[in-house]
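Reading the structure
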Amino acid sequence: KGGGSFKKAQGRGYISLACEDELPRDVPKLTFWLSIGAGDKKSSTRGPVEHSFAEKTVCGLPKKQALWDFTNAVDRTSQTFIVRLEVETITAAANGNPASAEPVAG
């Protein structure tokens, strides 16, 4: 983003989620978690973050969790890394109970 490169950023950066479609107001909020890497290079999972893409189209982790060191997650053979996103929808219970989470099929 902004013309920067992986090397110039010294392998550090941010992950943002963006919804490219306009959503109706009644779309449920989501809770998400992020991690990078796989196997022995897998990072600790960060989050949870609760967000409504109907209200704001872009979201990321809180500032204290947002910066990643991607170099630790790079597979040296393929020169790539994995970003893992876990998502649950949050629905309000019809009988006035607190909101409940439902996994999103993927």
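What this report covers is the structure whose coordinates are included nearby. Residue indices begin from 1 for each chain and proceed along its sequence in written order. The predicted nature of this model means local features are confined to residues of pLDDT at least 70 and side-chain atom pairs, given and counted, to a pLDDT of 80 or more, with totals for whole chains, interfaces and linings taken over all residues. Neither water nor hydrogens contribute to the side-chain values; these are computed over all heavy atoms in the structure.

**Observations concerning the overall build of the protein chain**
For the protein chain, the helix and strand inventory stands at one helix and eight strands. Across the protein chain, helices and strands are ordered from the amino to the carboxyl terminus as β-β-β-β-β-α-β-β-β. Within the protein chain, the proportion of its 106 residues that are buried is 25%. Whether two residues touch is decided by their heavy atoms; if any such pair falls within 4.5 Å, the residues are in contact. For the protein chain, restricting intrachain contacts to residue pairs at least 6 apart in sequence, the fraction spanning at least 24 positions comes to 59%. Here the Shrake-Rupley method, with its probe set to 1.4 Å, supplies the accessible areas, and only the displayed protein chains count as covering residues. A total of about 7,800 Å² of accessible surface is found on the protein chain, and carbon and sulfur atoms cover 50% of it. Secondary structure elements follow DSSP: runs of H or I no shorter than four residues count as helices, runs of E no shorter than two count as strands, and numbering proceeds from the N terminus. When accessible area is computed with a 1.4 Å probe and restricted to protein chains, residues below 20% of their type maximum are described as buried, those above 50% as exposed, and intermediate ones as partly exposed.

**Topic: unusual backbone geometry**
In this structure, P48 follows G47 across a cis peptide bond, with omega equal to 5°. As for its placement among the helices and strands, P48 is situated in strand β4 (residues 46–51). Here Q10, not a glycine, exhibits a phi torsion of approximately 55°, which is positive. Within the secondary structure, Q10 sits in the segment before β1 (12–13). Judged by its relative accessible area of 55%, Q10 falls in the exposed class.

**Notes on the pairing of strand β3 (residues 29–36)**
For β3, the tally of buried residues reaches six of eight residues, placing the bulk of the element in the interior. Across eight bridges, the pairing between β3 and strand β7 (residues 83–91) is antiparallel. Within β7, the residue paired with F32 across the bridge is V87. Between any two strands, at least two bridges found by DSSP are needed for them to pair. Direction of pairing for β3 relative to β4: antiparallel, over a ladder of four bridges. The residue bridging L30 from the neighbouring strand is H51, located in β4.

**A few points about the environment of T71**
Tracing the backbone through its elements, the reader meets T71 in the loop between β6 (68–69) and β7. The partly exposed category is assigned to T71, whose relative accessible area is 25%. Distance from T71 to Q10, taken between C-alpha atoms, is 8.0 Å for residues 61 residues apart in sequence. For the purposes of these results, a polar contact is taken to be a pair of N or O atoms within 3.5 Å, where, inside protein, one atom must be able to donate a hydrogen and its partner to accept one; residues adjacent in sequence count only when each atom of the pair is a side-chain atom. A distance of 2.5 Å separates a polar atom in the side chain of T71 from a polar atom in the side chain of D69.

**Concerning the packing of aromatic side chains**
Aromatic contacts are taken between Phe, Tyr and Trp rings whose centres are within 6.5 Å, Trp giving its six-membered ring; a plane angle under 30 degrees counts as stacked, one over 60 as edge-to-face, and the others as tilted. Applying the stated criterion across every chain yields a total of one aromatic pair. Placement of a charge over a ring requires the Lys NZ or Arg CZ to be within 6 Å of the ring centre, with the centre-to-atom vector within 35 degrees of the ring normal. Positioned over the ring face of W68 is R46, at 3.7 Å from the centre of the ring.

**Points about the pattern of salt bridges**
The salt bridge definition used is simple: a Lys or Arg side-chain nitrogen within 4 Å of an Asp or Glu carboxyl oxygen. Counted by the stated rule, this structure contains two salt bridges. Put simply, E50 and K29 hold a salt bridge, and the shortest N to O gap is 3.7 Å. One end of the pair, E50, is in strand β4; the other, K29, is in strand β3, and 21 residues separate them in sequence. Residue class for K29 comes out partly exposed when judged on its relative accessible area of 36%.

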